[in-house]
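Listed below are the residues making up each chain.
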Amino acid sequence: MSAASFSFPAPAIAQSEPIKIGCLAAITGPSSAPTVGFNRGVNFAVDAINGAGGVKGRKIELVMRDTQGDPTKAVNATQELISAAKVHAIWGPLNSGEALATTPIMARAKMPDLHPCVVESLIDPVKFPNAFRIAPSNSQWDDAVRNYCLKILKVKKVAVIGDTTGYGVTAVGASVAAFKKDGAEVVYQANVDSTQPDMTPDMLRAKNAGAEAIVVWSVSTGMEARMFNTRATMNWDVPFVGHPSMASGELASLVAKPENWKKVYAIGYKSCSYDSAGKLPPKSEDLVTRLAKANVALNDTLLWWVAGGIDCIELIAKAVQESGSTDSAGIVKYWNTLSSYPGYFGNYRFSPTEHNGYLTDEIVMSEASTAKNGTFALAPGYT
């Protein structure tokens, strides 16, 4: 049973050369949480497509490289995938700090690239005509977080905290500027090493400055758990609002008590949000059922990460099917024609001048501790 939303008819005589997809992912290290879900989706899609005969008889071959969240390792892996492994397209990196280093390399090699990284400058159809984003940009995330803080929580003073990765530094800077532009007071901002064992100093500074909400920009669940635990120790009921990783299933084992994970509101999506009856949109319900049948676990990750992994593989496979080859120009040309592509994570829209594919109106905020199969209830305040 194919994961795809389209069919892959097998030709009379199958080609033997596999379709090589390079995967740049932080499999280990402090930024590895998203990789768990993305990789499950990637492997699910590859198994389904190959099990159905491949793409015009050609099987998909994954060439996975662990970047460990390190830009230098990501650069080396990118060069190796292009020059030695000779992949036809690349998925990733999955972390913006790494993608900032690798995107220009892929552009020079004219390597088709899909990624979920949110830093704005990673998408530029002129400088990087081969790079396409299948997740919201950070400005889209930032708008959702800021609007929730200001318009639903109705807070006026915020603390903005991120890690020290390229992504964390960029995201904190952009978030602070946007809050100030909208008239909010940023009473404390900081970039903290994700391995810092004690978050008490930063949390105390935020509290003493009068923060009414803490906005978090980091993929490090360990750092986030320490912040949640510190808040409880301080007997402070300030809400956390921000990065989707704050809803990652592994936080359940990292927080000292389940209640420490309350009043945490993470970026979420309509496709992965259930209603008051506990129901997802029909397409998502169907996907969850098929993932369960394939023994793909969702209890310790996020559905959108899994769905995004599926979408990236299917987008590459569909491009090869429609263009008739693994030629990079054909793959990119196909992606540029997608005015409305129905993925599992969301609907994508690409053109020669717009490589930000995700639609802003599909972004919502989730109540982080309400995970059910990697999906969530909407955060308080939505109708």
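Residues numbered from 1 in each chain as written. Predicted model: local features only at pLDDT ≥ 70, side-chain atom pairs only at ≥ 80, totals over all residues. Heavy atoms only, no water.

As named in an unreviewed UniProt entry, the protein chain is Leucine-binding protein domain-containing protein, taken from Bradyrhizobium macuxiense.

So, the packing of aromatic side chains
Under the defined criterion, the tally for this structure stands at 17 aromatic pairs. Site record: aromatic cluster; members linked through ring pairs are Phe38, Trp91, Trp141, Tyr269, Trp304, Trp305, Tyr341, Phe345, Tyr348 and Tyr358. One Lys or Arg, Lys283, reaches over the ring of Tyr344 and ends 4.9 Å from the middle of that ring. The ring of Tyr274 carries the charged tip of Lys372 above its face, separated from the ring centre by 4.5 Å. (Phe/Tyr/Trp six-rings, centres within 6.5 Å; stacked < 30°, edge-to-face > 60°. Lys NZ or Arg CZ within 6 Å of the ring centre and 35° of its normal.)

Brief notes about helix H7 (residues 221-233)
Here H7 contains 13 residues, and its C-alpha end-to-end distance of 18 Å stays within 8% of the 18 Å for a straight helix at 1.5 Å per residue. Buried within H7 are the following residues: Thr221, Met223, Glu224, Ala225, Met227, Phe228, Asn229, Thr230 and Arg231. Once H7 finishes, Asn235 follows within two positions and takes phi at roughly 55°, a positive value. (Helix = DSSP H or I, 4+ residues; strand = E, 2+ residues; numbered from the N terminus. Expected span 1.5 Å × (residues − 1). Buried < 20%, exposed > 50% of the residue type's maximum accessible area, 1.4 Å probe, protein only.)

Focus on the sheet that holds strand S6 (residues 157-163)
Spatial strand order, S7-S6-S8-S9-S10-S14: six strands in an open sheet with mixed pairing. What marks the edges here is a single partner per strand, and that holds for strand S7 (185-192) and strand S14 (363-367). Geometrically, the sheet is characterised by an average inter-axis angle of 25° between neighbouring strands, direction not taken into account. With five bridges joining them, S6 and strand S8 (residues 213-217) adopt parallel strand pairing. Bridge pairing in S8 places Ile161 opposite Val216. (Pairing = 2+ DSSP bridges. Axes fitted to C-alpha atoms, helices over the stretch in contact; angles between N-to-C directions.)

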